[in-house]
Amino acid sequence: MRTITRTAVQARTKPGTKSAVKPIENLSVRALRTREKLTHATRELLNEGGYRKLRVQDLTERAGVAAGLFYRYFHDLREIVHEVSSDFMAQLNSETSVLPTAVHPYDQIFERHALALSLFGRNPGIVRCLFQLDGDYPEFGQVWKLAAHDWNMQVAKFLNSSAEIPMAQAEHMAFVLGAMTEGVFFQYLIRHTEDLSSLGGRPDDIAEMLSVMWYRSIFMKNPLSLVHSFGEKPSICSVCGLM
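1. A look at the packing of helix H8 (residues 138-162) against helix H9 (residues 167-191)
Following both chains from N to C, one finds H8 and H9 inclined at 130°, their axes separated by 8 Å at the closest point. Viewed along their axes, H8 and H9 adopt a mutual orientation that is oblique. In the crossing of H8 with H9, the sense of the turn from one axis to the other is right-handed. The residues of H9 that touch H8, namely those facing Trp144, His149, Asn152, Met153, Val155, Ala156, Lys157, Leu159 and Asn160, are Met167, Ala170, Glu171, Met173, Ala174, Phe175, Leu177, Gly178 and Glu182. Across the contact of H8 with H9, the residue classes tally to 11 nonpolar, 4 polar and 3 charged.

2. Section: the pattern of salt bridges
Counted by the stated rule, this structure contains 7 salt bridges. The closest approach of N and O atoms between Arg202 and Asp205, which form a salt bridge, is 3.4 Å. On the accessibility criterion, Arg202 (32% relative accessible area) is partly exposed. Ionic contacts of the salt-bridge type, sharing partners, join the residues Glu44, Glu48 and Arg62 into one network.

3. Points about the environment of Leu119
One can find Leu119 in helix H6 (residues 105-121). For Leu119, a relative accessible area of 1% gives the class buried. Counting along the chain gives 84 residues from Leu119 to Pro203, while the straight-line C-alpha distance between them is 9.9 Å. Excluding residues that lie within four positions of it along the chain, Leu119 makes contacts with Arg43, Phe88, Gln91 and Leu92.

4. Focus: the environment of Gln187
As for its position among the elements, Gln187 is in helix H9. Taking relative accessible area as the criterion, Gln187 reaches 25% and is therefore assigned partly exposed. In the structure, Gln187 is positioned 10 residues away from Ser197 in sequence and 8.8 Å away in space, judged by C-alpha atoms. The contacts of Gln187, once residues within four sequence positions are left out, are His192, Thr193 and Leu196.

Here is what the cut-offs are and how they apply
Residues numbered from 1 in each chain as written. Predicted model: local features only at pLDDT ≥ 70, side-chain atom pairs only at ≥ 80, totals over all residues. Heavy atoms only, no water. Axes fitted to C-alpha atoms, helices over the stretch in contact; angles between N-to-C directions. Helix = DSSP H or I, 4+ residues; strand = E, 2+ residues; numbered from the N terminus. Parallel < 35°, antiparallel > 145°, perpendicular 65-115°, else oblique. Left-handed = near helix turned anticlockwise from the far one by under 90°. Contact = heavy atoms within 4.5 Å. Nonpolar A, V, L, I, M, F, W, Y, C, P; charged D, E, K, R; others polar. Salt bridge = Lys/Arg side-chain N within 4 Å of Asp/Glu carboxyl O. Buried < 20%, exposed > 50% of the residue type's maximum accessible area, 1.4 Å probe, protein only.

Below, the structure is given as structure tokens:
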């Protein structure tokens, strides 16, 4: 079970709000564990049915806690979903930031896209909240914007070190590459665009296509034989004429 620090949870508490929600400093270790059961259940149900079908009663039943306990820890569903979404994006940036540095830049690009697509694919409900509900719930869109900025800054550091692009220019390029990637993710994961899906049904296929495009944009050449190999299956980029 993931350990929740009191400082991290306290930072999410809405200041000045009058409700039955207990201040984090008053929560026992047992209460923190109950709270985490609720967030874990939220992530599961959100990915199973989406935000619109989410109900407090279902959360507490899945978490195995009394129905009234929800409001000891959260003001409403929006607050707990915001926290779950924030934790999800923090997980993504944390996992990509600790990936080992690959020998060749292409592999480094590919591994990060493959990890992101794998994680997004396993959490469809959270992804839909971040991509589709920001109009009704601006806090969900803000989660994506902040996490995307952190991702882009990781990319900028990579461009600076691997391609020797000055940091200011690297940041600009990272923002453009990030926007391109966001568009592909949306088309593949949310809209399930046939034109894109027909190029490859697996997340690794999409990761490979994105990585080739990134490599071309950064280094102005193809990675050629250095393109990642997927078992016995030919490179999707070779099949589609991208290589």
